[in-house]
Amino acid sequence: MIRRAAAVALLPFPLALACARAPRAVPGGSAPTAVAGSGADTPAPAPAPRGIFGEWVLFTAPDSTAFTGARRVELSLHSGTFAITAYYPDAPTLVVTGALAGDSSGGVLVLTPTAAMRDGAPATDRLPLVPGQPITMVASTAGNSLLFIPPDRVTREPSSVWHRCEKAVEAGEICR
């Protein structure tokens with residue numbers, strides 16, 4: 001009985017040892033990481049965490065957002081700045097740029113538009129984002145998706161869902 005218990009207790013050990021020596025996938029990518037003793041010369045680089053930063057395309061139907069009538073809306077988020085580009089079929093492209101405040105990993109973000117342009121000229125028509133009027137949103141990323149949720153919404157249902165441009169292109173969606 002003691003031998004059987006010892007064999008059962010040690011059974012997971014060879015499996016754990018094999019798993020520890022096998023190359024592993026890097027989270028968010030497919031490149032293996034080198035494991036000590038695996039014979040690999042150099043470890044594969046770990047991807048830098050991107051959080052909310054990057055290029056995004058609106059996945060939510062634009063007509064259910066502030067960009068009614070747009071055929072495509074793109075969002076660029078970088079440290080301290082943002083740009084939203086809305087492409088309309090019967091109107092010049094709208095580009096809103098501004099300041100971004102908040103944590104790169106998500107949470108409460110404040111987007112403060114500073115300029116709105118249509119084909120290089122100041123936009124004077126009704127705008128979804130008005131220069132000088134900050135917008136506060138809760139941002140959350142999961143994989144290659146970004147969710148914006150108004151902070152006062154009780155149900156925490158996203159007001160918009162965005163996909164990373166690079167992954168949207170791979171899926172056949174248009175992005176820049």
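It should be emphasised that the depicted structure is a prediction, and the values quoted were computed from it without experimental measurement.

Student: Any chance you could break down the nonpolar core for me, citing the residues and the numbers?
Tutor: Within the largest apolar cluster, 26 residues are counted, with the highest numbers of intra-cluster contacts made by Leu 77, Leu 146 and Phe 148. Going through the elements one at a time, β3 (54-58), β4 (72-78), β5 (81-88), β6 (91-102), β7 (107-118), β9 (135-142) and β10 (145-149) are the ones with two or more residues in this core. With four residues, the top contributor of residues to this core is β5. The contacts of Leu 77, once residues within four sequence positions are left out, are Ile 52, Phe 53, Gly 54, Trp 56, Phe 82, Leu 100, Leu 146 and Phe 148.

Student: So what's going on with the pairing of β3? Residues and values would help.
Tutor: Most of β3 sits inside the fold, with four of its five residues counted as buried. As defined by bridge partners, β3 adjoins β4 across four bridges and the pair is classed as antiparallel. Within β4, the residue paired with Glu 55 across the bridge is Ser 76. As defined by bridge partners, β3 adjoins strand β11 (residues 160-164) across three bridges and the pair is classed as antiparallel. When the bridges of β11 are listed, Leu 58 appears paired with Trp 162.

Student: Please give an account of the pairing of β10 that cites residues and values.
Tutor: Relative to β10, β9 runs antiparallel, the two sharing five bridges. In the strand pairing of β10, Ala 142 is matched with Ser 145. Here β10 runs beside β11; their pairing, made up of four bridges, is antiparallel. For Ser 145, the partnering residue across the bridge sits in β11 and is His 163.

Student: Residue-level account of unusual backbone geometry, with values.
Tutor: One non-glycine residue, Asp 119, adopts positive backbone phi at about 50°. With respect to the secondary-structure elements, Asp 119 resides in the loop between β7 and β8 (121-122). The class of Asp 119 is exposed, set by a relative accessible area of 59%.

Student: Please give an account of the confidence of the model for the chain that cites residues and values.
Tutor: The pLDDT averaged across the chain works out to 74; a share of 67% of its residues lies at or above 70. Element-level mean pLDDT values for the chain span from 31 in helix α2 (residues 12-21) up to 95 in β5. Note that residues 1-40 has pLDDT below 50 and, in this model, 27 contacts with residues that lie over four places away or in other chains. Overall, residues 44-49 carries pLDDT values under 50, and its contacts beyond four positions in sequence, including any with other chains, amount to seven contacts.

Reading guide: rules and limits
Residues numbered from 1 in each chain as written. Predicted model: local features only at pLDDT ≥ 70, side-chain atom pairs only at ≥ 80, totals over all residues. Heavy atoms only, no water. Core = buried A, V, L, I, M, F, W, Y, C linked by side-chain atoms within 4.5 Å. Buried < 20%, exposed > 50% of the residue type's maximum accessible area, 1.4 Å probe, protein only. Helix = DSSP H or I, 4+ residues; strand = E, 2+ residues; numbered from the N terminus. Contact = heavy atoms within 4.5 Å. Pairing = 2+ DSSP bridges. pLDDT = per-residue confidence, 0-100.

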